[in-house]
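# Close look at the chain arrangement
Take a look at the letters that make up each chain.
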Amino acid sequence: MRPDIFFQTLVNGFFIGGIYALVSVGLTLIYGVMLILNFAHGEFLMLGMYITYGLFTLFGMDPYLSVPIAAIIVFLIGAAIQRGLVQRVLTAHPLNQIVLLLGVSTLMIGLVQFFLTAEARSIHVSYETQVIVLWGLRLSIPRLIAFLASMVISLGLFLFLQYTKTGKAIRAVSQSRDAALLMGVNVKFIYLLTFGIGAAVTAVAGVFLTPNYKMIPTIGQSFSVIAFVVVVLGTMGNFIGAFFGGLIIGVVEVVAGYFLGGDVKIIASMLVFILVLLFKPAGLFGRKSA
């Protein structure tokens, strides 16, 4: 591979890896605090895309301007799901939790198909094919914006968890629910807030995909699979691990797609997933990070 092609492939991998990182950060945040696997996670990404499409179609709003609106709406939806459904099965058998969230996933997909049909939809903006040439590398403007925004949001969320009072409360619940209760932390509120934040972050990732991806009601399922691979790769519940795991999987997929074709890139991700489970079952980062 020529050096220019190698670096172009690497950049493209980081671009899609940034989206994977954002989706995976939302998933690992929910798991790290609530110890529940959110099998409806990808559907929040799908909702973010369809909300953006609706705002673009009805009001002509640029996709990137719809980020705060989509985040707020999906945060409220996620909080309602957590309060009304997930909270009731937190102490139940894990199989009950899985079945519930699979049901929520199916319901969300079904509702979107019922009201909007299963027809593929897309958003076309003037800058969707524009590129910036930098040091010989062609950087797609929408993908560059998505990558930089993913980095900023992930960093902001990390700083929120590390240095704010609410963030420290979330970390405390993640480390020990009982100890947090003894210290006066409202654990139920933290659960609701965490689930809402995880859903909102994932919806924002969906917003950034809209200039480049067609949307269908089931689009979130493929991203859910990748997110679970990333979270296991970076260690379940580890925020930093999920972030870097997303970048790694993005590069692996793009490199595999270049050499073997786009249809087999998911095979490369699954192969990495299996190798990690075989040789480092705890994940690359080895332990859960608060």
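Computed from a prediction, not measured in an experiment: that's the story for all the values here.

Here we take up empty space enclosed by the protein. For the structure on display, the rule yields two cavities of 30 Å³ or more. Within this model, the second largest cavity holds a volume of roughly 90 Å³. Every residue along the wall of the second largest cavity is listed here: F15, I16, I19, P142, R143, A146, F208, L209, N212 and Y213. For the lining of the second largest cavity, the elements supplying multiple residues, two or more each, are helix 1 (3–34), helix 5 (141–163) and helix 8 (187–209). Looking at the lining of the second largest cavity residue by residue, the classes come out as eight nonpolar, one polar and one charged.

Describing an aromatic ring pair means giving the distance of the ring centres and the angle of the ring planes. Applying the stated criterion across every chain yields a total of nine aromatic pairs. By way of ring pairs, the aromatic residues Y20, Y213 and F223 are connected into one cluster.

Turning to the confidence of the model for the chain, a few remarks are in order. Caution applies to low-pLDDT regions: their predicted coordinates should not be interpreted in detail. Mean pLDDT over the chain works out to 88, with 96% of the residues at or above the 70 mark. Mean pLDDT per element in the chain: helix 11 (residues 265–279) is the minimum at 80, and helix 3 (residues 67–84) is the maximum at 96.

The description of two packed helices rests on the angle between their axes and on the distance between the axes. Orientation of helix 3 relative to helix 8, taken along the N-to-C sense of each, is 140 degrees, at an axis distance of 7 Å. Judged on the interaxial angle alone, helix 8 and helix 3 are oblique. Considering only the axes of helix 3 and helix 8, their crossing is right-handed. Between helix 3, through V67, A70, A71, V74, F75, G78, A79, I81, Q82 and R83, and helix 8, the contact on the second element is made entirely by Y191, L192, L193, F195, G196, I197, A199, A200, A203, V204, V207 and F208.

So, how was this worked out
- Residues numbered from 1 in each chain as written.
- Predicted model: local features only at pLDDT ≥ 70, side-chain atom pairs only at ≥ 80, totals over all residues.
- Heavy atoms only, no water.
- 1 Å grid on protein atoms, 1.4 Å probe; cavity = no way out; pocket = protein on both sides within 12 Å on 5 of 7 lines; lining within 4 Å.
- Points joined across faces, edges and corners; volume = space filled by probe spheres on them.
- Helix = DSSP H or I, 4+ residues; strand = E, 2+ residues; numbered from the N terminus.
- Nonpolar A, V, L, I, M, F, W, Y, C, P; charged D, E, K, R; others polar.
- Phe/Tyr/Trp six-rings, centres within 6.5 Å; stacked < 30°, edge-to-face > 60°.
- pLDDT = per-residue confidence, 0-100.
- Axes fitted to C-alpha atoms, helices over the stretch in contact; angles between N-to-C directions.
- Parallel < 35°, antiparallel > 145°, perpendicular 65-115°, else oblique.
- Left-handed = near helix turned anticlockwise from the far one by under 90°.
- Contact = heavy atoms within 4.5 Å.

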